[in-house]
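# Secondary and tertiary structure notes
Residue strings, one per chain:
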Amino acid sequence: MNEHWPQGVFPARLIEKLHTQGAILTDRAFDPDQVQPASLDLRLGDIAYRVRSSFLPGPAHSMAERIEALKLHEIDLTRGAVLERGCVYLVPLQESLDLPEGVSASANPKSSTGRLDVFTRVIGDRARGFDQMKAGYQGPLYLEVSPRTFPILVRTGSRLSQMRFRCGDTRLSPAEHQSLHLSDTLVIGGEQPVGEGVALSIDLLGEGRDGLIGFRSKRHTAVVDVDRKGALDVLDFWEPLYSRGRPELTLDPDEFYILVSHEAVHVPPSHAAEMVPFDPLVGEFRVHYAGFFDPGFGHSLAGGTGSRAVLEVRSREVPFLLGHGQIIGRLIYETLAEKPDRLYGSALGSNYQAQTLKLSKHFRPFPG
């Protein structure tokens, strides 16, 4: 474990190497598609704990100690179980870590998880923050799961979150973002500047989609099985939103929206990217729960030629008026530690390559 690891975000081959060398531990074999181009899907274990509230264990406690003090009841996931909206659950994950010195990890909800408005955060023992495992972390991993809109059916092995591994400071500087944009065209369409990442704006025109600009979630719906693709009718869960002449949309508090960027995004094979989830300078709302963009997203050789960023948007406490072209988030690029051996795209069966406005994989296609 004293091996020198290259600087940058780890692509799939290095993630698999971490596993073979005992830095990623599990008592079960990896699923065939669990290792993504620059991230690892994390799998739920056998038990979920309903807890009174979200929490961090802090430096004096393990997660097991805090769960024992705060749990309301235990839920068996081996046969599948429904997690109710508005509740908080803690699930021990099948994966644990024994990271080498200098290698850190971070986590994010998977795209399909975020598009269901399921808030997830990975927590380690004695953690002071969510979704961040410091370099050299040794210990178990737990997933906090809080469905906000739809009740969800999960089971042992369901994948709601993903983890990225890195060595060193991998984020590009403003000058490096500008240079990469000149050589590889990171953003297509729109007129937003490239500097401190790539600024993305909202599309409220719906051109090419018969005026469809987004979806607003319905309340009191049926359960969503997180492991079933293309099984649900869109109109049972979502209200389509159309442009009505004025290029603007008022976000209502406590409502959940699926919207789309005006610009198309490109992540070249040499890099990965992450969406900044909330920026108070651009408005009182949260955007894009699921932040990881793998190498090859929107890349022409991987079936992309630019892909829109689908945005999971929830207003914070007050109504907020969005206008077409308003900046709604930023995409930050990071260097990879080595050339990847697989890219996000059609060859891997990736669900969201070449997307425009698209709901999660659980829903049947909707016209527009």
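As shown above, the structure is provided for reference.
In this report, we go over the structure that sits alongside the text. Nothing here was measured: the structure is a model prediction, and the numbers come from that model.

Now for the side chain of S360. Within the element layout of this structure, S360 appears in the segment after β27 (327-335). Within the local environment of S360, its side chain forms a polar contact with the side chain of H362, the two groups lying 2.8 Å apart.

Under the defined criterion, the tally for this structure stands at nine aromatic pairs. Judged by centre distance (5.4 Å) and plane angle (70 degrees), the rings of F237 and F363 are edge-to-face. Taken as a pair, F237 in the loop between β18 (224-225) and β19 (238-242) and F363 in the segment after β27 lie far apart in primary sequence, 126 residues in all. A ring pair is formed by W238 and F363, whose centres lie 6.1 Å apart and whose planes are at 75 degrees; its orientation type is edge-to-face. Separated by 125 residues along the polypeptide, W238 in strand β19 and F363 in the segment after β27 bring together distant segments of the chain. Residue W238 shares its accessibility class with F363, and that shared class is buried. A network of ring pairs unites the aromatic residues F150, F215, F237, W238, F256, F363 and F366 as a single cluster. One Lys or Arg, R121, reaches over the ring of F130 and ends 3.7 Å from the middle of that ring. For the cation-ring pair, R164 lies above F292, with the distance from its terminal atom to the ring centre recorded as 4.3 Å.

Further remarks concern the pattern of salt bridges. On inspection of all chains with the given rule, the structure shows 27 salt bridges. With a closest N to O distance of 3.3 Å, D46 and R28 form a salt bridge. Of this pair, D46 sits in the loop between β3 (40-43) and β4 (47-51) while R28 sits in the loop between β2 (24-25) and β3, and the two are 18 residues apart along the sequence. For the salt bridge of E334 with R164, the shortest nitrogen-to-oxygen distance reads 3.8 Å. Note that E334 is positioned in strand β27 and R164 in strand β13 (residues 159-167), a separation of 170 residues in sequence. For the pair shown, E334 and R164 are each scored as buried.

A large share of strand β25 (residues 307-315) lies buried, amounting to nine of its nine residues. The pairing of strand β21 (residues 256-265) with β25 spans seven bridges and is classified as antiparallel. What sits directly across from A264, in β25, is R308.

Quick look at the sheet that holds strand β24 (residues 292-293) now. Strand order in the open sheet formed by five strands is β15-β16-β27-β22-β24, and the pairing between neighbours is antiparallel. Edge positions in the sheet fall to β15 (194-195) and β24, since each has one partner strand and no second. Alignment of strand β16 (residues 197-201) against β27, held across four bridges, turns out to be antiparallel. Among the inter-strand pairings, A199 is bridged to a residue of β27, identified as R330.

Along the chain, F215 turns up in strand β17 (residues 212-217). Sequence separation between F215 and Y257 is 42 residues; the distance between their C-alpha atoms is 5.6 Å. Apart from the residues within four sequence positions on either side, F215 is in contact with V234, W238, E239, P240, L241, F256, Y257, I258, L357, L359 and F366.

Here is what the cut-offs are and how they apply
- One numbering rule holds for all chains: residues counted from 1, following each sequence as written.
- Residues qualify for local features only when their pLDDT is at least 70, as the model is predicted, and side-chain atom pairs are given and counted only at 80 or more; totals for whole chains, interfaces and linings, by contrast, use all residues.
- As a convention, hydrogens and water are excluded, and side-chain values are obtained from all of the structure's heavy atoms.
- Under the DSSP-based scheme used, a helix requires at least four consecutive residues in state H or I and a strand at least two consecutive residues in state E, with every element numbered from the N terminus.
- Whenever a nitrogen or oxygen atom comes within 3.5 Å of another N or O atom, the pair is scored as a polar contact, on the condition that within protein one atom can donate a hydrogen and the other can accept it, and that pairs from neighbouring residues in sequence are kept only if both atoms are in side chains.
- Side-chain rings of Phe, Tyr and Trp (the six-membered ring for Trp) are treated as a pair once their centres are within 6.5 Å; stacked means planes under 30 degrees apart, edge-to-face means over 60, and tilted covers the remaining angles.
- Any residue under 20% of the maximum accessible area for its type is buried, any over 50% is exposed, and the rest in between are partly exposed; the area is computed with a 1.4 Å probe on protein chains only.
- Counted as over-ring charges are cases with an Arg CZ or a Lys NZ within 6 Å of the ring centre that also lie within 35 degrees of the ring normal.
- Whenever Lys or Arg places a side-chain nitrogen within 4 Å of a carboxyl oxygen from Asp or Glu, that contact is recorded as a salt bridge.
- Any two strands are treated as partners once DSSP identifies two or more bridges connecting them.
- Here, residues are in contact when the closest pair of their heavy atoms is within 4.5 Å.

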